[in-house]
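Residue-level structure breakdown
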Amino acid sequence: MTTAPDLLYSDVEDDLRAAVRDVLADRCPPSAVLAAVETATPYDPELWRVLAVELGLAGLLVPEKLGGQGASAREAAVVLEVLGGGAVPVPFLGSAVLATTALLGCDTEDAGVAALLGRLAAGTVTAALAVPLSAATGGAFPAAVRADAAGVLTGRVTSVADALAADTLVVPAVGPDGPGLYEVAAADVPAVRPVPLDLTRPLSDLDLSGVTGRLLPSADATAALDRALLTGAGLLASEQLGVAQWCLDETVRYLGERHQFGRVVGSFQSLKHRLADLWLEVVSARSAARGAADSLASGASDVDVAVCVAQAYVAAVAVRAAEEALQLHGGIGMTWEHPLHLFLKRAKADEIAFGTPGLHRARLADLVGLPRPT
């Protein structure tokens, strides 16, 4: 008998959300994010230190025996929801979710793997998984990077998220014995920083040619990478939920204050209908995102289905919420000084991260035995 997913927030999750919100309210208001994205270093190292070390967020998914918090995808989803609600420029998704999950798929009994996970959990180093942000679960193992018997790599990887803040790179590469994951010092890798759509999540193009990496022991590197990408896609839905919720809340607040023709703009019936429709979509998105997080946490047999449903639906809701917010804010929404554009760009960039909604719909059709949508 299949157990129904638990979509409600636990007391621990509520407390975690409150703690992260308190830190962001003090250290990362929208004005600070706007100021940071115009600099060469959009990440705030001190903010990341507080989140990673003092709150222990960097080690949420790392088991306690390896120095982490021993939490689950549900807690990580709560953190991403709060971070999405602030478009916060910290490498939590790239380091604490993607790279960490890939490493957990390796042999954690190996001293090197265990030590790296311990440093990540402690927040003393940050890592990034060297795959394009658009990489999706269920695909072939990436062959852009090759490795010889000595671990010397050849190849390039473009559009890698959070590599700018990383001390260590986890690089999927095809070696003499097949697919593998290699640990590479980020300082050894020449990187070009293209101009991304989402300024709060910088991307890097990495040239790995001539760089030496250490092969991480793993029974199945392909499965480890696929699990990392599946986890990234499932938890990204919670970040997208946070974006959509911020857009809805901010628009309701603005329309309750803005006056036109002697009336509060929010009192117009047509705008009430638009907000009501958006509220229903955000509520449904919350169910889908929570379902994906719970399936990842519980190891449900239908976790692939839950993740595909979440990404196919929530990604579009986040974009629609941002577009509605932009329109309903009128002229002020078009200004650089208003933070709304950060959320629109985050929603649009997230829409293609770890696979587009169309790709997830096609994969969902295959999983449940339905014809692919045309």
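What counts, and at which threshold
- Residues numbered from 1 in each chain as written.
- Predicted model: local features only at pLDDT ≥ 70, side-chain atom pairs only at ≥ 80, totals over all residues.
- Heavy atoms only, no water.
- Helix = DSSP H or I, 4+ residues; strand = E, 2+ residues; numbered from the N terminus.
- Rg over C-alpha atoms; globule rule 2.2 N^0.38 Å.
- Buried < 20%, exposed > 50% of the residue type's maximum accessible area, 1.4 Å probe, protein only.
- Contact = heavy atoms within 4.5 Å.
- Areas by Shrake-Rupley, 256 points an atom, 1.4 Å probe, with all protein chains shown as cover.
- Lys, Arg positive; Asp, Glu negative; His and termini not counted.
- Charge placed at Lys NZ, Arg CZ, Asp CG, Glu CD.
- Salt bridge = Lys/Arg side-chain N within 4 Å of Asp/Glu carboxyl O.
- Core = buried A, V, L, I, M, F, W, Y, C linked by side-chain atoms within 4.5 Å.
- Polar contact = N/O pair within 3.5 Å; in protein donor to acceptor, adjacent residues only side chain to side chain.
- Patch = residues over 30% accessible without salt bridge, like charges linked within 9 Å, V, L, I, M, F, W, Y side chains within 5 Å.
- Pairing = 2+ DSSP bridges.
- Disulfide = S-S within 2.5 Å.
- Axes fitted to C-alpha atoms, helices over the stretch in contact; angles between N-to-C directions.
- Parallel < 35°, antiparallel > 145°, perpendicular 65-115°, else oblique.
- Left-handed = near helix turned anticlockwise from the far one by under 90°.
- Nonpolar A, V, L, I, M, F, W, Y, C, P; charged D, E, K, R; others polar.

This brings us to the overall build of the chain. Secondary structure summary: the chain contains 11 helices and 10 strands in total. Taken over C-alpha atoms, the radius of gyration comes to 21 Å for the chain, in line with the 21 Å a tight globule of 374 residues would show. In terms of overall dimensions, the chain has C-alpha extents of about 75 × 50 × 40 Å along its principal axes. Out of the 374 residues belonging to the chain, those deemed buried represent 53%. Considering only contacts in the chain between residues 6 or more positions apart, those separated by 24 or more positions represent 75%. For the chain, the exposed surface amounts to about 15600 Å²; the carbon and sulfur share of it is 57%. Of note, the chain has its 27 positive side-chain charges centred 6 Å away from the centre of its 43 negative side-chain charges.

A few words on the pattern of salt bridges. Under the criterion given, the structure shown has 22 salt bridges. Between arginine 74 and glutamate 13 there is a salt bridge, with the nearest N and O atoms lying 2.8 Å from each other. Of this pair, arginine 74 sits in helix α4 (residues 73-84) while glutamate 13 sits in helix α1 (residues 11-27), placing them 61 residues apart in sequence. Like glutamate 13, arginine 74 is buried. Overlapping salt bridges, with partners in common, bring together Asp198, Arg201, Glu239, Arg346 and Asp350 in one network.

This part covers the nonpolar core. Residues Leu51, Phe92, Leu235, Cys247 and Phe354 are the most contacted members of the largest nonpolar core, which totals 105 residues. A per-element tally of this core places helix α7 (residues 221-257) first, with 18 residues. Residues within four places of cysteine 247 in sequence aside, it is in contact with Ala321, Ala322, Ala325, Leu340 and Phe343. Membership of the second largest hydrophobic core comes to 19 residues, among which are Leu153, Val171, Tyr182 and Val184.

Turning our eyes to something else, we now look at the side chain of glutamate 250. Take glutamate 250: it is sitting in helix α7. In this structure glutamate 250 comes out as buried when scored by relative accessible area, which is 16%. A polar side-chain atom of glutamate 250 sits 2.5 Å from a polar atom in the side chain of arginine 253. With residues near it in sequence (within four places) discarded, glutamate 250 still touches His329 and His338.

Residues Trp279, Leu280 and Val283 make up a contiguous nonpolar surface patch of about 300 Å² in total accessible area. Structurally, tryptophan 279 can be placed in helix α8 (residues 269-298). A relative accessible area of 48% means that tryptophan 279 is categorised as partly exposed.

Further remarks concern the pairing of strand β5 (residues 178-185). Judged by how many residues are buried, β5 sits mostly within the fold: 6 of 8 residues are covered. Across 8 bridges, the pairing between strand β4 (residues 168-175) and β5 is antiparallel. The residue of β5 that forms the bridge with proline 172 is leucine 181. Count of turn residues in the β4/β5 antiparallel hairpin: 2 residues. Examined bridge by bridge, β5 and strand β8 (residues 214-216) share 3 bridges and lie antiparallel to one another. Looking across to β8, one finds that tyrosine 182 is bridged to leucine 215.

To continue, consider the environment of alanine 40. Checked against the element boundaries, alanine 40 lands in the loop between α2 (30-37) and α3 (45-54). C-alpha separation for the pair alanine 40 and aspartate 220, spaced 180 residues apart in sequence, amounts to 38 Å. Residues within four places of alanine 40 in sequence aside, it is in contact with Leu164 and Arg193.

Okay, the state of the cysteines next. What the rule picks out here adds up to 0 disulfides. You can see cysteine 247 has no disulfide; the closest cysteine sulfur is in cysteine 28, sitting 16 Å from it.

This next bit is on the environment of valine 319. By secondary structure assignment, the location of valine 319 is in helix α9 (residues 303-328). Residues valine 319 and alanine 347, spaced 28 residues apart in sequence, show a C-alpha to C-alpha distance of 5.1 Å. In this structure valine 319 touches Ala347, Lys348 and Glu351, once residues within four positions along its chain are discounted.

Packing of helix α5 (residues 92-104) against α7 leaves a shortest axis separation of 7 Å and a crossing angle of 150°. In terms of orientation, α5 lies roughly antiparallel with respect to α7. The interaxial crossing formed by α5 with α7 has right-handed handedness. Contact residues: α5 offers Leu93, Val97, Leu98, Thr101 and Ala102, while α7 offers Ala224, Arg227, Ala228, Thr231, Gly232, Leu235, Leu236 and Glu239. Split by residue class, the contact of α5 with α7 holds 8 nonpolar, 3 polar and 2 charged.

So, on to the packing of α7 against α8. One way to put it is that α7 packs onto α8 with a least axis distance of 9 Å and a crossing angle of 155°. Here α8 runs roughly antiparallel to α7, going by the angle between their axes. At the point where α7 passes α8, the crossing takes the left-handed sense.

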